[in-house]
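Commentary on secondary and tertiary structure
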Amino acid sequence: MRFVLRILKALALLLVLVVIAAAGWLFIRPPELLRVGDGYAAKIVCSNVFIAGRGAEDVLHDDVQAPGNPLLRLVRVSVDRDNDRVTARFMGLFAPSYALYRGAFGCTSVPDGNFEAAANAAPFDPPAKMQANDALWPEGEGIDNPADGKIAALLADAGVAGPAMRAIVVVRNGRIVTEAYGPGFSAKTPLIGWSMTKTVNAAVLGRLMLGGKISFDDDNLLAQWKNDTRARIKVSDLLGMESGLAFNEDYGDVADVTRMLYLDPDMVSLPANAPMEAAPGQRFRYSSGTAVLLSRIWMNRVGNAQAAFSYPHDALFSPLGMTSAVFELDARGTFAGSSYLYATAHDWARFGQFLLQDGVWNGQRLLPEGFVGAMRTPTAASNGRYTQGQAWLAPGGSSAAFGLPEDTFWLTGHDGQSMAIVPSASLIVVRLGLTPSRLDYQPQVLLKAILAALPQPRGPQQQAGSQRQTQPQP
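Report follows, based on the coordinates. Treat the numbers as computed from the prediction; the structure is a model and nothing was measured.

The next point concerns the overall build of the protein. Each helix and strand counted, the protein has 16 helices and 14 strands in total. Burial analysis of the protein (474 residues in total) assigns 55% to the buried set. The contacts in the protein between residues at least 6 apart in sequence include a share of 64% that link residues at least 24 apart.

Strands belonging to one sheet form pairs held by backbone hydrogen bonds; the direction of such a pair is parallel or antiparallel. A sheet is described by the order of its strands in space; here five strands give the open sequence 6-5-14-13-12, paired in antiparallel fashion. What marks the edges here is a single partner per strand, and that holds for strand 6 (175-181) and strand 12 (409-413). With strand direction ignored, the average angle separating the axes of adjacent strands in the sheet is 10°. Inspection of the sheet shows strand 13 (residues 417-422) paired to strand 14 (residues 427-433) by five bridges, in the antiparallel sense. Within the sheet, the bridge partner assigned to Ser 418 lies in strand 14 and is Arg 431. Lying on the sheet, helix 7 (residues 196-210) is in contact with strand 12, strand 13 and strand 14; it crosses strand 12 at an angle near 120°.

Inspection of every chain in the model, using the stated rule, returns one disulfide. What pairs with Cys 46 in a disulfide is Cys 107, and their sulfur atoms sit 2.1 Å apart. Judged by the sign of its S-S torsion, about -75°, the bond between Cys 46 and Cys 107 is left-handed. Of the two residues, Cys 46 sits in helix 2 (residues 32-50) while Cys 107 sits in strand 4 (residues 107-109), which places them 61 residues apart along the sequence.

Further remarks concern empty space enclosed by the protein. Inspection of the entire model under this criterion finds four cavities of 30 Å³ or more. Its volume calculated, the largest cavity comes out at about 140 Å³. As for the largest cavity, its lining consists of 14 residues, of which Asp 63, Arg 166, Ile 192, Trp 194 and Leu 434 are closest to the centre. Broken down by element, the residue count for the lining of the largest cavity peaks at three residues, all from helix 2. Considered class by class, the residues forming the lining of the largest cavity number eight nonpolar, three polar and three charged.

Before going further, it helps to examine the pattern of salt bridges. All chains considered together, the criterion is met by 13 salt bridges. In this structure, the salt-bridge partner of Arg 166 is Asp 63, at a minimum N-O distance of 2.9 Å. Of this pair, Arg 166 sits in strand 5 (residues 165-172) while Asp 63 sits in helix 3 (residues 56-65), and the two are 103 residues apart along the sequence. The class of Arg 166 is buried, set by a relative accessible area of 10%. Linking Asp 358 and Arg 365 is a salt bridge whose minimum nitrogen-to-oxygen distance equals 3.0 Å. One continuous salt-bridge network, built from bridges that share partners, spans Arg 54, Asp 63 and Arg 166.

In this structure, Pro 138 follows Trp 137 across a cis peptide bond, with omega equal to 10°. Inspection of the secondary structure puts Pro 138 in the loop between helix 4 (115-121) and helix 5 (149-155). In the Ramachandran plot, Asp 358 falls in the positive-phi region, its phi being about 65° despite a non-glycine side chain. Looking at where Asp 358 falls in the secondary structure, it is placed in the loop between helix 13 (345-356) and strand 10 (360-361). Residue Gln 390 is not a glycine yet carries a positive backbone phi of 60°. Topologically, Gln 390 is positioned in the loop between helix 14 (371-375) and strand 12.

Of the pockets and cavities examined, the largest pocket occupies roughly 1,300 Å³. Lining the largest pocket we find 47 residues, and of these Tyr 251, His 414, Asp 415, Pro 436 and Ser 437 sit closest to its centre. Looking at the lining of the largest pocket, the elements that each hand over two or more residues are helix 2, helix 9 (256-262), strand 12, strand 13 and helix 15 (443-453). Sort the elements by how many residues they give to the lining of the largest pocket and helix 2 lands first, with six residues. For the second largest pocket, the calculated volume is near 530 Å³. Around the second largest pocket sit 30 residues that line it, and Lys 129, Thr 323, Ser 324, Ala 325 and Val 326 are the ones nearest its centre. When residues of the lining of the second largest pocket are traced back to their parent elements, those giving at least two are helix 12 (305-320), strand 8 (326-327) and helix 13. Looking at the lining of the second largest pocket element by element, the count peaks at four residues for helix 12. Its residues assigned to classes, the lining of the second largest pocket shows 19 nonpolar, six polar and five charged.

The end-to-end C-alpha distance of helix 2 is 27 Å, a good match for the 27 Å that 19 residues give at a rise of 1.5 Å each. Counting buried positions along helix 2 yields 16 of 19 residues, so the element is predominantly enclosed.

In terms of nonpolar packing, the biggest core is built from 108 residues, with Trp 298, Leu 316, Phe 317, Trp 348, Phe 351, Phe 354 and Leu 355 touching the most fellow members. With nine residues, the single largest contributor to this core is helix 2. When neighbours within four sequence positions are excluded, Trp 298 is seen to be in contact with Asn 201, Val 204, Leu 205, Leu 208, Ala 308, Tyr 311, Pro 312 and Phe 335. Grouped together as the second largest cluster of nonpolar side chains are 31 residues, Ile 168, Val 177, Tyr 286 and Leu 427 included.

Attention now moves to the pairing of strand 2 (residues 85-90). Where strand 1 (residues 75-80) and strand 2 come together, six bridges link them in antiparallel fashion. What sits directly across from Val 75, in strand 2, is Phe 90. The loop that links strand 1 with its antiparallel partner strand 2 comprises four residues; one of these, Asp 84, has a positive phi angle of about 55°. Judged from the five bridges that link them, strand 2 and strand 3 (residues 94-101) form a sheet pairing that is antiparallel. Directly across from Phe 90, in strand 3, lies its bridge partner Phe 94. What sits between strand 2 and strand 3 in their antiparallel hairpin is a turn of three residues, with Met 91 showing a positive phi close to 60°.

What counts and what doesn't
Residues numbered from 1 in each chain as written. Predicted model: local features only at pLDDT ≥ 70, side-chain atom pairs only at ≥ 80, totals over all residues. Heavy atoms only, no water. Helix = DSSP H or I, 4+ residues; strand = E, 2+ residues; numbered from the N terminus. Buried < 20%, exposed > 50% of the residue type's maximum accessible area, 1.4 Å probe, protein only. Contact = heavy atoms within 4.5 Å. Pairing = 2+ DSSP bridges. Axes fitted to C-alpha atoms, helices over the stretch in contact; angles between N-to-C directions. Disulfide = S-S within 2.5 Å. 1 Å grid on protein atoms, 1.4 Å probe; cavity = no way out; pocket = protein on both sides within 12 Å on 5 of 7 lines; lining within 4 Å. Points joined across faces, edges and corners; volume = space filled by probe spheres on them. Nonpolar A, V, L, I, M, F, W, Y, C, P; charged D, E, K, R; others polar. Salt bridge = Lys/Arg side-chain N within 4 Å of Asp/Glu carboxyl O. Expected span 1.5 Å × (residues − 1). Core = buried A, V, L, I, M, F, W, Y, C linked by side-chain atoms within 4.5 Å.

Any functional reading would require information beyond the geometric quantities listed.
Encoded structure:
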C-alpha cells in the first residue's frame, strides 16, 4: 500500500512540475497561434467598443468566440478606457496582445506592446469629424419612401438574408428602398467591411490617379525593390492580384495574412519582403498583403505624411458624405487597406452608388474615366473571377450560374460581407453580418431574390427613363 502511495505522490509531483513547466513555457515563449488569437481578439474588441460603442463582453462572445477557433473561447479581454487600450490573454494569463484606440483612425494592433511608437505613428492633426444631416439619402440620412413590402419580406427570411445578418440596405435608382438590421444593430452602427476595404482602398488610389500622381503602368514602386526583379511589378499587377509575390492567405493557421495582421506592427514589412513566385501578370494570387502594399504606395505618392493621413477623408469620404467611415492604420502608420474600414451600412451603400455612377458624384468626376470599368473587367489569370481593380465578378462561383445580370460585380469580405452592384438594374445590395464561410451562405441568393421582386418597367417610355437614371453624370 505504501508503495502505491509513493507512486501516486510521485505522479502528482510530476504532474505539478509538468503544469509549472507548461505555464512557464506559455509565459516565456507562447506559440504564435495563441498570439494571433489574442491579437485578433484585442483588435476586434477594441474597434467595436471604441468605434461602434458595443459592449466588450458581447463583442468577445459574438464576434470572436462564437464563430471561431475553439481556443478563442479561452481568451479573456480587459478594456482600459483611461488609456484607450484593450488587452487579450489566453486563459486570462498567457500570450498577451494589445490594441490601441487612436481617435479618428480607430484601433490598431500593437503586437510588440510599444504603445509609444503606435501613438506617435498616428498624426496629431486628424481630419475634422463630419456630421450627418437629415437630407434624403445619399445627401443625408433621410429615407423618403416606405419600405418595399416584397423586398422587406425577403430580408425577413433568414434563408435569404443569411445567418447572423447585421445589416442589409437595398438601393434602387439612387434611393434606399428597403433596409433591415439584426438584433442590436441599426443604421447608425459602424460595421467592418473586411476585404470590401480593398475596393475602397483602390478608389483612394484612383483619386490620386485622377490628379496624375500615379498610373496603372508605374513600376519601381518601392525603394527596397530597386535593382530587383520586383522593380518590374506595376500598379496594375497589384490591383489585379497578379504581382507574382508569394503570399499565404490561409486563415486556418498562422499564415502570412494572420502574421501580417496580428504579429507584425509594420504590416508592409512581410509583403514587401516576399519573394517572387511568378513573373508579374502571370499568376493570380489573392493577397491581403497586396492591398497593404497599395496603401503604402499611394501614401508615398501623396507628398507628405500629414496629407497622406488625411487623404482618404479629404479625397473620398468627405465628398461622398461618408460621415461614419473610419479607415484604420497599422501600428507604424500605414492604412490597413486590406481589411480595416468601419462604416454604417448607409455609408457602404454610398460607396456602392459612387461606383454605380462610374466614379462621379454630384456632377464631379472623382475617379478617372475607365477606372470603375477596370473594377468590372476580369483578369485572365483569375479565370474571370477577379477584376483589374480589387473587386470580384464571381465570388465563390459564377454569377451567371445564378441567372444574374452580366454586368454584376461585387465587393466581398470575410465572414459574409458583400456588396453587389448591378448597373443595368440601377441596384446596389449591401449585406453585412457575421456569417463564416463554413455555413456556405452565398449572397447571390439574396441578390437574385431581390431582382425578382423589383417592379419591372411597364413600357418603352418608362424603361427609357429608368435607363437614363443609371447613366453616370457628365
